[in-house]
Each structure stands twice: as structure tokens, then as C-alpha cells.
Amino acid sequence: MGKLEGKVALITGAASGIGKASALRFHADGAAVMCADMNIEGARQTAAEIAEKGGSASALQLDVADPAAVQDALQQTAGELGGLHIIYNNAGISGLNVDAAGNMSMHSWEKVIAVNLTGVYNGLFYGCRYLAERGGGSIVSTASIAGLVGLMGIPRPGAPEPEYGSGAYQASKGAVVQLTRQFAINYAEAGVRVNAVAPGYIVTPMTAFARADPAAEAFLVALHPLGRLGQPEEIAAAAAFLASDEASFITGVTIPVDGGYTAR
Ligand SMILES: NC(=O)c1ccc[n+]([C@@H]2O[C@H](COP(=O)([O-])OP(=O)(O)OC[C@H]3O[C@@H](n4cnc5c(N)ncnc54)[C@H](O)[C@@H]3O)[C@@H](O)[C@H]2O)c1
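Reading the values: rules and limits
- Residues numbered from 1 in each chain as written.
- Predicted model: local features only at pLDDT ≥ 70, side-chain atom pairs only at ≥ 80, totals over all residues.
- Core = buried A, V, L, I, M, F, W, Y, C linked by C-beta atoms within 7 Å.
- Buried ≥ 20, exposed ≤ 12 C-beta atoms within 10 Å, placed from the backbone.
- Contact = placed C-beta atoms within 7 Å.
- Near = placed C-beta within 6 Å.
- Helix = DSSP H or I, 4+ residues; strand = E, 2+ residues; numbered from the N terminus.
- Axes fitted to C-alpha atoms, helices over the stretch in contact; angles between N-to-C directions.
- Parallel < 35°, antiparallel > 145°, perpendicular 65-115°, else oblique.
- Nonpolar A, V, L, I, M, F, W, Y, C, P; charged D, E, K, R; others polar.
- Pairing = 2+ DSSP bridges.

**Overview of the nonpolar core**
One recurring pattern in soluble globular proteins: nonpolar side chains tend to sit buried together.
Phase 1: Grouped together as the largest cluster of nonpolar side chains are 75 residues, with contacts concentrated most on Ala9, Ile11, Val33, Cys35, Ala36, Val197 and Ala239.
Phase 2: Beyond its immediate sequence surroundings of up to four residues, Ala239 is in contact with Ser22, Tyr88, Val140 and Val197.

**Regarding the site of the ligand**
Phase 1: Taken together, 30 residues sit near the ligand, with Gly13, Ser16, Gly17, Gly92 and Thr204 positioned nearest.
Phase 2: Every element with two or more residues in the shell around the ligand is listed here: α1 (17–28) and α4 (106–133).
Phase 3: When residues in the shell around the ligand are grouped by element, the largest group, three residues, is from α1.

**Describing the packing of α4 against helix α5 (residues 167–187)**
Phase 1: The geometry of α4 relative to α5 is characterised by a closest axis approach of 9 Å and an angle of 10 degrees between their N-to-C directions. Between α4 and α5, the interaxial angle falls into the category roughly parallel. Across from Ser108, Trp109, Val112, Ile113, Asn116, Leu117, Val120, Tyr121, Leu124, Cys128 and Ala132 in α4, the residues of α5 making contact are Ala168, Tyr169, Ser172, Lys173, Ala175, Val176, Leu179, Phe183 and Tyr187.
Phase 2: Of the residues belonging to the contact of α4 with α5, the class tally is 16 nonpolar, three polar and one charged.

**Observations concerning the pairing of strand β6 (residues 192–199)**
Phase 1: By the criterion of burial, β6 is predominantly enclosed, with eight of the eight residues buried.
Phase 2: Of the two faces of β6, the one carrying Val192, Val194, Ala196 and Ala198 and the one carrying Arg193, Asn195, Val197 and Pro199 are both buried.
Phase 3: Both strand β5 (residues 137–142) and β6 contribute to a ladder of six bridges, which runs parallel. Pairing of Val140 across the sheet is with Asn195, part of β6.
Phase 4: With four bridges connecting them, β6 and strand β7 (residues 254–257) associate as parallel partners. Within the sheet, the bridge partner assigned to Pro199 lies in β7 and is Val257.

Just geometry here; none of it tells us what the structure is for.
So this is what it looks like as C-alpha cells:
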């Protein structure tokens, strides 16, 4: 029996990268999966791949920055899949500090904070309440090494500022680490465990811009003591573990899954 047998999981950002790999992994471990994403076509595709493997899955369009939509997603998941036990707040975006002219970009700041920070807050705030009212459950969020240490910007000739030198991204991911602690403490008694994963650089569309440049890719690889970038399935494995009862005494932690990036 899989470690998520009998569970229903809502995964955000399930159209692509880590979220998609997690939807497939949660299914492989026995869960029914609601694939939520802004990109509804991509979310449907992930759900269809699970259905092809004989699993139970559905898809919904969701902007995690919208609190009402997050509440609706919880209800819709339970209605369609017969319950809700696990929420994986994974959707996220990257963004630069500056616009093309080199000026501070408030637009970029607000967008990254809205998705990466407010989006996770929505999932934790409404998710914890929802699960607590129904006897408990497990929540995982995707933080980042950017929430644990200061990131080295990726040098790019001609760019106004190194990619990933983004203050909004760093701030949002650091906040996810803290929110994970706060909600874990507040909801421990109610039986809701709250944890996070902190990926290093992972081979997904989010990092495609850097992997397209051999010098930038080599720069990133050298930052990981294991000598390579991570695969989305390696993050999915950690998220599935934290979501499952195998992690029954773990709450409030952020586990780096980073090839040793933060160990140095
Ligand atoms: N790839 C990496 O190297 C890396 C490293 C550390 C952390 N992360 C984090 O992992 C998570 C997943 O990233 P990924 O690498 O799989 O990226 P990705 O771009 O492949 O996937 C992100 C998904 O989130 C969706 N999304 C974006 N905004 C949304 C919104 N407002 N509401 C709902 N869905 C939305 C996108 O449509 C996309 O399907 C993000 O939180 C990211 O910050 C990624």
C-alpha cells in the first residue's frame, strides 16, 4: 500500500515542473489528486496523465493570489474527489528587481509577493482552518534555498542585474519558511502538520533561461556540492514524504532538497 493511500491532495502549480512531478508522485503513492494551476490546460494535461495510469485526478483553474479562489478550490476538491487531507502550496514565479531600463520595478515586486507570499499565505490560512475543522491533515509548501541563504545572482552579459538577484523572490521564500513555523505551532493541537521543502536549482521551465546558457549553467552546477542540478521528481519525493504519515512527528520544518547548496 502506498504511503498516501486513501488521501486526497490539492497541488498548486500542478501544470508544470515540480508541481506536475508531485502530482504524478502523489498519485504513485496512492493519493487522488486535484491539479490546480493558472494554466488550466496544463493542469488538465497532468490530470489526464494520472487518469491514463488508472488514478483518480481532476483539474481546476486557480490564481493562488486570490483568497476567495483558494477557498473555492478547497471546497471543489473535496466535492469532486470525496475529501481533502493534503494541500501542497507549490505555485510560484520568479522575477527581477529591475525593469529593462534598470529602474526598480514595483510591478515585479508586487507580482512576486502576490503569488509566492500571499499565495502561500492563502493556502496556509484557509487550508489550516479547513483541515482543522475536519480532524487534521498535512500541508506542504515550496520555499527555496532563496529562503534560507542569500543567493548568488547568475551573471548574464547585458542583463541590467543578475537573474535571481531578486529581492522579492528572496523575501517571499524567507517568509514561507517563517509562515511554515507559525502555522505549524498554531495548528499542531488541531492535528494539522505544516512543513516546507527548499529546492536548490531544479531542471524545470523556471530555470530554462539559465540552462540555455552553458556558462550560466556551469555557474549554477558548481554551487551544488553534488555536482548537478536537481530533478523535479527529487522535490516531489520529499514533498510526498512530508505530506504522508511517515512524517507524523515532523512539523514546522523546511527541508532543503538542494544537493548540498546550503550545507556550505
Ligand atoms: N525550479 C527551481 O530551480 C526552483 C528552486 C527553488 C524553488 N522553486 C519553487 O518551486 C515552485 C515550482 O516551480 P517550478 O520550478 O516547478 O516552476 P514552473 O514555472 O515549471 O511551474 C510553476 C507553475 O506555477 C503556476 N503558477 C504561476 N503563478 C500561479 C498562480 N498565481 N496561481 C496558480 N498557479 C500559478 C504556473 O502556471 C506553472 O504551472 C515555485 O514555488 C518555485 O519558486 C523552484
